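Per-entry structural report
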Amino acid sequence: MSNRIIKKYFTYMPDKDIIPKQVTGKAGSNRLFPVFLKLENLAVLIIGGGYVGMEKLQAVITNSPAAKITLVAKQVSNEIKELAKQYHNIVLIEKPYESNDLNGNDIIIAAINDAAISQQIAADAKTKKILVNVADKPELCDFYLSAVVQKGDLKIAISTNGKSPTIAKRIKEVLQDSLPVEIDDLLTNMQRIRNKMSGDFAEKVKQLNEITKDLK
């Protein structure tokens, strides 16, 4: 992605994220609230030990390698066991799901191919007021796991409002290939410049806009 394209669609505001100029809040649009969680401060429970469980576990541990994760399943695949050996913060428990498994956890991810149990997990989580994600059941989810593009400290989460993970994956691939590795150096340099600036918020906005106005 060229700097010209970035400049067209985004406006820089210091101390805040880059905000799309052209996004509107019209009825029927994506109303999900994007947020980045510090999972190392939370307890995550994944229920499911097969292919989907592995996919969700990889998504969590890749983005938050220090997250405290417990995975519960009647059977845990060898792939999951091998991955768990690399992280002291992943606990595997081979047993059927029970509602008490949710206790002490902050985020629940149901990753099983059983509609009845998935619905039960969602109901139990809502009763206990715990946020839950249920694989392939958007109507039961309090949140979705995003496709993620990462280049150093830059992390972009992509949402299709649960409509098409495949499209999210393709957009991720495009952005991953388009964004240069050097963008992390740019972020570091901009942080140094901002930290050295004096003046109030409005003055910093003015200075940073002046610095970035020639991006093409």
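Before reading further, recall that the structure is shown in the block above.
These numbers were taken from a predicted model, which means no experiment stands behind them. Every chain is numbered on its own, with residues counted from 1 as its sequence reads. Note on the predicted model: pLDDT of at least 70 is required for a residue's local features to be given, and 80 or more for side-chain atom pairs to be given and counted; whole-chain, interface and lining totals, by contrast, use all residues. To get the side-chain values, take all heavy atoms of the structure and skip hydrogens and water.

1. What about the layout of surface pockets?
To keep it simple, the criterion reads: Using only the protein atoms, space was sampled on a 1 Å grid; points where a 1.4 Å probe fits but cannot get out form cavities, open sets with protein on both sides within 12 Å along at least five of seven lines form pockets, and lining residues are those with an atom within 4 Å of a point. Grid points are joined across faces, edges and corners, and a volume is the space filled by probe spheres set on the points. As a working rule, the residues Ala, Val, Leu, Ile, Met, Phe, Trp, Tyr, Cys and Pro are called nonpolar, Asp, Glu, Lys and Arg charged, and the rest polar, with Gly in that last group.
Taken as a whole, the second largest pocket holds about 210 Å³ of empty space. Ile47, Gly48, Val72, Ala73, Lys74, Gln75, Lys95, Pro96, Tyr97, Ile112, Asp114 and Ile117 together form the lining of the second largest pocket. Across the lining of the second largest pocket, the residue classes tally to seven nonpolar, two polar and three charged.

2. Some words on the nonpolar core
For the record, the criterion: For this analysis, a nonpolar core means a set of buried residues of the types Ala, Val, Leu, Ile, Met, Phe, Trp, Tyr and Cys, connected via side-chain atoms within 4.5 Å. Each residue gets one of three labels from its accessible area relative to the maximum for its type: buried under 20%, exposed over 50%, partly exposed in between, using a 1.4 Å probe on protein chains only. Helix and strand assignments follow DSSP, with helices taken as H or I runs no shorter than four residues and strands as E runs no shorter than two, numbered in order from the N terminus. Should any heavy atoms of two residues lie within 4.5 Å, those residues are considered in contact.
In this structure, Ile46, Leu57, Ile69 and Leu71 are the most contacted members of the largest nonpolar core, which totals 19 residues. Listing elements by their share of this core, those giving two or more residues are strand E3 (43-47), helix H2 (51-63), strand E4 (68-73), helix H3 (78-84) and strand E6 (107-110). Take this core: its biggest share by element is four residues, from H2. Dropping the residues within four chain positions of it, Ile46 is found in contact with Gly53, Lys56, Leu57, Ile69, Thr70, Leu71, Val72, Ile109 and Ala111.

3. Examining the pattern of salt bridges
Oppositely charged side chains may form a pair once their charged atoms are brought near each other. Going by this rule: Criterion for a salt bridge: a side-chain nitrogen of Lys or Arg within 4 Å of a carboxyl oxygen of Asp or Glu.
What the rule picks out here adds up to six salt bridges. For Arg170, the salt bridge goes to Glu173, with nearest N and O atoms at 3.1 Å. Of this pair, Arg170 and Glu173 both sit in helix H5 (residues 165-178), three residues apart, which is roughly one turn of that helix. For Arg170, a relative accessible area of 44% puts it in the partly exposed group. What emerges from the salt-bridge pattern is a single network uniting Lys95, Glu98 and Asp101.

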